[in-house]
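Residue-level structural notes
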Amino acid sequence: LESAGAKTAPTAPKGLVIEDFEEPGAEEELLKRWQVTTTEASVTEIALTSPGADGGGKAMTLAGRFVPPLREDAQIIARYQFTPPPEAKRSHGLELRARGNLPICEFNLYPKAAAPAVRPGIRMVPSIGWQTARIPAMWETKSEKPKLEPPSWILEIVLPGQKEDFSLEVDEIRLYE
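Below is a summary of the structure that appears in this document. This one's a predicted model, so the numbers in the text were calculated from it and none came from an experiment.

What counts, and at which threshold
- Residues take numbers from 1 onward in each chain, read along the sequence in its written order.
- Residue-level local features of this predicted model are given only where pLDDT is at least 70; pairs of side-chain atoms are given and counted only at 80 or more, and the full residue set underlies all totals for whole chains, interfaces and linings.
- To obtain the side-chain values, all non-hydrogen atoms of the structure were used and water was disregarded.
- Helix numbering and strand numbering both begin at the N terminus, where a helix is a DSSP run of H or I of at least 4 residues and a strand a DSSP run of E of at least 2.
- For the exposure calls, accessible area comes from a 1.4 Å probe over protein chains only, and a residue counts as buried if that area is under 20% of its type's maximum, exposed if over 50%, partly exposed in between.
- The criterion used for residue contact is that any of the two residues' heavy atoms lie within 4.5 Å.
- Per-residue and other accessible areas follow the Shrake-Rupley method at a 1.4 Å probe size, with only the shown protein chains counted as cover for residues.
- Working definition: a ring pair exists when centres of Phe, Tyr or Trp rings (six-membered ring for Trp) sit within 6.5 Å. Plane angles under 30 degrees give stacked, over 60 give edge-to-face, the rest tilted.
- Criterion for a salt bridge: a side-chain nitrogen of Lys or Arg within 4 Å of a carboxyl oxygen of Asp or Glu.
- For this analysis, a nonpolar core means a set of buried residues of the types Ala, Val, Leu, Ile, Met, Phe, Trp, Tyr and Cys, connected via side-chain atoms within 4.5 Å.
- When DSSP locates at least two bridges between a pair of strands, those strands are taken to pair.
- Axis definition: a line fit to C-alpha positions, over the contact stretch in the case of helices; interaxial angles, taken between N-to-C directions, run 0 to 180 degrees.

What follows deals with the overall build of the chain. Of regular secondary structure, the chain possesses one helix and eleven strands. Counting from the amino terminus, the chain carries its helices and strands in the arrangement β-α-β-β-β-β-β-β-β-β-β-β. Looking at the chain as a whole, 41% of its 177 residues qualify as buried. In the chain, the proportion of contacts linking residues at least 24 apart, taken out of those at least 6 apart, comes to 75%. When the accessible surface of the chain is summed, it comes to about 10200 Å², and 54% of that surface belongs to carbon and sulfur atoms.

Taken as a whole and assessed by the stated rule, the structure comprises four aromatic pairs. With a centroid separation of 4.8 Å and 20° between ring planes, the pair formed by Trp34 and Tyr80 is classed as stacked. Taken together, the residues Trp34 in strand β2 (residues 34-38) and Tyr80 in strand β5 (residues 75-82) connect sequence positions 46 residues apart. Judged by relative accessible area, which is 2%, Trp34 ranks as buried. With relative accessibility at 7%, the residue Tyr80 sits in the buried group. Judged by centre distance (5.8 Å) and plane angle (40°), the ring pair of Phe66 and Phe166 falls under tilted. In this pair, Phe66 is assigned in strand β4 (residues 59-66) and Phe166 in strand β11 (residues 166-176), connecting sequence segments 100 residues apart. Taken as a pair, Phe66 and Phe166 share a single burial class, namely buried. Ring-pair connections join several aromatic residues into one group, and the members of that group are Phe21, Trp34, Tyr80 and Phe82.

Across all of its chains, the model carries ten salt bridges by this definition. Across the pair Glu169 and Arg99 runs a salt bridge, and its minimum N-O distance is 2.8 Å. Taken as a pair, Glu169 in strand β11 and Arg99 in strand β6 (residues 93-100) lie far apart in primary sequence, 70 residues in all. With a closest N to O distance of 2.7 Å, Glu172 and Arg174 form a salt bridge. The pair formed by Glu172 and Arg174 is uniform in burial state, with each residue classed as buried.

Time to look at unusual backbone geometry. A negative phi holds for most residues other than glycine; trans holds for most peptide bonds. Ser50 connects to Pro51 through a cis peptide bond whose omega is -5°. Topologically, Pro51 is positioned in the loop between β3 (42-49) and β4. Not every positive phi belongs to a glycine, and Phe21 is a case in point at roughly 65°. Mapped onto the secondary structure, Phe21 falls in the loop between β1 (17-19) and α1 (26-33). A relative accessible area of 0% places Phe21 in the buried class. Unusually for a residue other than glycine, Asp54 sits at a positive phi of about 55°. Assignment of secondary structure puts Asp54 in the loop between β3 and β4. Its relative accessible area of 60% is what places Asp54 among the exposed residues.

So, on to the nonpolar core. By size, the foremost hydrophobic cluster in this structure holds 36 residues, and its most contacted members are Trp34, Met60, Phe107 and Ile157. Excluding residues that lie within four positions of it along the chain, Ile157 makes contacts with Trp34, Met60, Leu62, Ile76, Ile77, Ala78, Glu106, Phe107, Leu168 and Val170.

This paragraph deals with the sheet that holds strand β10 (residues 153-160). If you trace the five strands from one edge of the open sheet to the other, you get β2-β5-β10-β7-β8, paired in antiparallel fashion. With one partner strand each, in any of the chains shown, β2 and β8 (121-124) form the two edges of the open sheet. For this sheet, the mean angle separating the axes of adjacent strands, direction not counted, is 15°. Note: strand β7 (residues 105-111) against β10, six bridges, orientation antiparallel. Bridge pairing in β10 links Glu106 to Val158.

In structure tokens form, the structure reads like this:
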């Protein structure tokens, strides 16, 4: 219990929002902002669902299934291109919230101008509860501390092929320092 004069500790400020799927028209803009490709025949749906992370309004959901026969390297890739705002110079990557029923997924962050083979990122095992993932902006640079700066960047979500139906929800994509 909190006494009448007690103050709660301030919460840590969250990073600058890049995408949270809450703005008006987000549903209509989803396929304009996100490009989804696959290496195999699949049934894939990209949509906004409610609720989002931590009871928020909406989250992006990638769901579907691969059509057999399934190659070992089968995958679905969702890409989001963005230009960091000027305030991003202090940031060192992206943070997002995710949950799903996949055995593993991959989040990559790279400059649009990067060579196709350059895909630094992280892998995670999603769970049914929301998890926070941080994708550092790691690439070859002369600077000791790489930073997220303009021009354009690409956030890439890679879902490996599997025999069962899959679902991955993503929300609250933010810069972190």
